[in-house]
Amino acid sequence: MLNRSNYLNAFLELFYPRLCLVCGDKLIATETYLCLKCQLHLPRTNFHNEPDNPMEQLFYGRLPIERACAYFDFKKGSPYQKILHQLKYRGLKQLGEYMGAQFALEIQDTKWIQSVDFLCPVPLHPRKERKRGYNQSYHLAKGLSDKLGIPVEQEALIRKKFSSTQTKKGRYERWENVETIFELRHPERFEGKHLLLIDDVVTTGATLEACGATILRDCSAKISILTLAIA
Ligand SMILES: [Zn+2]
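Each value, and the rule that gives it
- Residues numbered from 1 in each chain as written.
- Predicted model: local features only at pLDDT ≥ 70, side-chain atom pairs only at ≥ 80, totals over all residues.
- Heavy atoms only, no water.
- Domains from an automatic or database assignment.
- Contact = heavy atoms within 4.5 Å.
- Buried area = accessible area lost by both parts, 1.4 Å probe.
- Polar contact = N/O pair within 3.5 Å; in protein donor to acceptor, adjacent residues only side chain to side chain.
- Nonpolar A, V, L, I, M, F, W, Y, C, P; charged D, E, K, R; others polar.
- Helix = DSSP H or I, 4+ residues; strand = E, 2+ residues; numbered from the N terminus.
- Buried < 20%, exposed > 50% of the residue type's maximum accessible area, 1.4 Å probe, protein only.
- Axes fitted to C-alpha atoms, helices over the stretch in contact; angles between N-to-C directions.
- Parallel < 35°, antiparallel > 145°, perpendicular 65-115°, else oblique.
- Donors = N, O, S within 2.8 Å, 3.2 Å for Na, K, Ca; no water.
- Tetrahedral: all angles 85-135°; square planar, octahedral: opposite > 155°, others 65-115°.
- Core = buried A, V, L, I, M, F, W, Y, C linked by side-chain atoms within 4.5 Å.
- Pairing = 2+ DSSP bridges.

**Q** Hey, could you run me through the domain arrangement of the protein chain in this one?
**A** It is common to give the size of an interface as the accessible area that goes away when the parts come together. The domain architecture assigned to the protein chain consists of domain 1 (1-41) and domain 2 (42-230). Here the C-alpha centroids of domain 1 and domain 2 sit 30 Å apart. Facing nine residues of domain 1, the contacting portion of domain 2 comprises 16 residues. Taking both partners together, domain 1 and domain 2 bury about 1000 Å²; carbon and sulfur atoms supply 58% of that area. Counting across the interface, domain 1 meets domain 2 through ten residue pairs in polar contact (both at pLDDT 80 or more). Here the side of domain 1 that touches domain 2 is built from residues that sort into six nonpolar, three polar and no charged.

In C-alpha cells form, the structure reads like this:
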C-alpha cells in the first residue's frame, strides 16, 4: 500500500531516479546503492575463510596479527572503485554503514570473527575529520557492529599527527611513524582482548601496521584486520 511518503518518493524518482553506484543503472525500490547484479558480482575476496591469505601475508614480518580479511578487491579503473570514492570523498557516509552491514551478514558465522571483542576504526586526524565531516572507517565499523553485535571502540585510539602514512616510505620511517602517528589512551581497556582494526581500504598496509604496532606496544591484545577493499 502506498502511504504519503511512498507517493512522494515515487514522484521524486521520476525526476531524480536513484542509480546504482557501480553500473549507473536505475535502482528498483528494493535496491540500495548497488543493483542486485552488481551486488552479486562484487569481486569478493572470501579471505575471511582463507587462512594465510594474501592480505595476511602482507603483514608477515611487520605486525603479528591473528587474521585479516577484505570484502572485495579492485584494480585501478574497476567500477567497484566508485564505492570507495563515494564513501571517502563524496560524503556518502551511510554507504559505509550499508557496506559494513552487507559484509557482516556474509562473515557473521565465521569462528574467528565471533571471537572479536572490539571493532576499532582507524582514526583520522581530528582536523581531517572536521574537514570531511566524518570518519568513513567509523561508519563501516558501525554497520558491522549493528549486525555482528560487537561494540565499536573509538575513544581509546587517537591520531595525533596530521600527515598520513606515505606509500613509499622505508622501514625506518615506518617505525618512526609508529612512534608518532597514533596514541593509545586507555591500554587497560584492550588488555587480553581481540581487536578488529577497521579501515576502508588496504594498499601497502602501512597505516594499519602503525596503528596495530601502537596498540601492541602498550598492551597485550590480539589484533585482526578488516577492510572494505584491498587494492
Ligand atoms: Zn549495478
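Alright, that's what it looks like, and here's the rest.
**Q** Could you clarify how one ought to interpret the environment of Leu184 in this entry?
**A** Tracing the backbone through its elements, the reader meets Leu184 in strand 4 (residues 182-184). Judged by its relative accessible area of 6%, Leu184 is buried. Discounting chain neighbours no more than four positions away, the residues touching Leu184 are Ala156, Leu157, Phe190, Thr214, Ile215, Asp218 and Cys219.

**Q** What am I meant to see in the packing of helix 4 (residues 81-89) against helix 5 (residues 93-107) here?
**A** Helix-helix packing is characterised by the crossing angle of the two axes and by the distance between the axes. Two numbers describe how helix 4 lies on helix 5: the axes approach to 7 Å, and their chain directions differ by 130 degrees. Taken together, helix 4 and helix 5 sit at an angle that is classed as oblique. Residues Ile83, Gln86 and Leu87 of helix 4 touch helix 5, and the partners they reach there are Lys93, Leu95, Gly96 and Met99. Residue composition of the contact of helix 4 with helix 5, grouped by class: four nonpolar, two polar and one charged.

**Q** Sorry if this is basic, but what is going on with the coordination of the zinc ion here?
**A** Around a metal, the idealised angle for a tetrahedral arrangement of four donor atoms is 109.5 degrees; for an octahedral arrangement of six donor atoms it is 90 or 180 degrees. Within the protein, Cys20 (SG), Cys23 (SG), Cys35 (SG) and Cys38 (SG) serve as the donor atoms for the zinc ion, at 2.3 Å. Viewed at the metal, the four donor atoms of the zinc ion are separated by angles of 103 to 116 degrees, and the geometry they form is tetrahedral. Along the chain, the residues donating to the zinc ion fall in the pattern C-x2-C-x11-C-x2-C. One end of the pair, Cys23, is in the loop between helix 1 (4-15) and helix 2 (36-40); the other, Cys35, is in the loop between helix 1 and helix 2, with twelve residues separating them in the sequence.

**Q** Mind showing me how you'd approach the side chain of Arg67 here?
**A** Locating Arg67 in the fold gives a position in the loop between helix 3 (54-58) and strand 1 (68-73). A relative accessible area of 14% means that Arg67 is categorised as buried. Side chain to side chain, Arg67 and Glu56 meet in a polar contact 2.7 Å long. In this structure, Arg67 is in contact with Phe47, His48, Asn49, Glu50, Pro51, Glu56, Trp112, Ile223, Ser224 and Ile225, ignoring residues within four places of it in sequence.

**Q** In this structure, what is going on with the nonpolar core? I would like to understand it.
**A** One broad trend across soluble globular proteins is that nonpolar side chains are buried collectively. Phe72, Ile83, Leu144, Phe190 and Ile215 are the most contacted members of the largest nonpolar core, which has 67 residues in total. Counting the residues that make up this core, at least three belong to each of domain 1 (1-41) and domain 2 (42-230). Leave out the neighbours within four places in its chain, and Leu144 touches Gly100, Ala101, Phe103, Ala104, Ile107, Leu119, Gly149, Ile198 and Leu226.

**Q** Please clarify how the sheet that holds strand 6 (residues 222-230) should be interpreted in this entry.
**A** Strand pairing within a sheet occurs via backbone hydrogen bonds; the two strands may be parallel or antiparallel. Within the open sheet, the four strands sit side by side as 1-6-5-2. Their pairing is parallel. Two strands bound the open sheet, and with one partner strand each, they are strand 1 and strand 2 (118-121). The sheet shows a mean angle of 20 degrees between the axes of neighbouring strands, direction not considered. Alignment of strand 5 (residues 194-202) against strand 6, held across eight bridges, turns out to be parallel. Looking at the pairing, Leu196 lines up with Ser224 of strand 6. On top of the sheet, helix 4 reaches strand 1, strand 5 and strand 6; it is set at about 105 degrees to strand 5, its chief contact. Where helix 8 (residues 136-148) meets the sheet, it contacts strand 2, strand 5 and strand 6, and its direction lies at approximately 125 degrees from that of strand 5.

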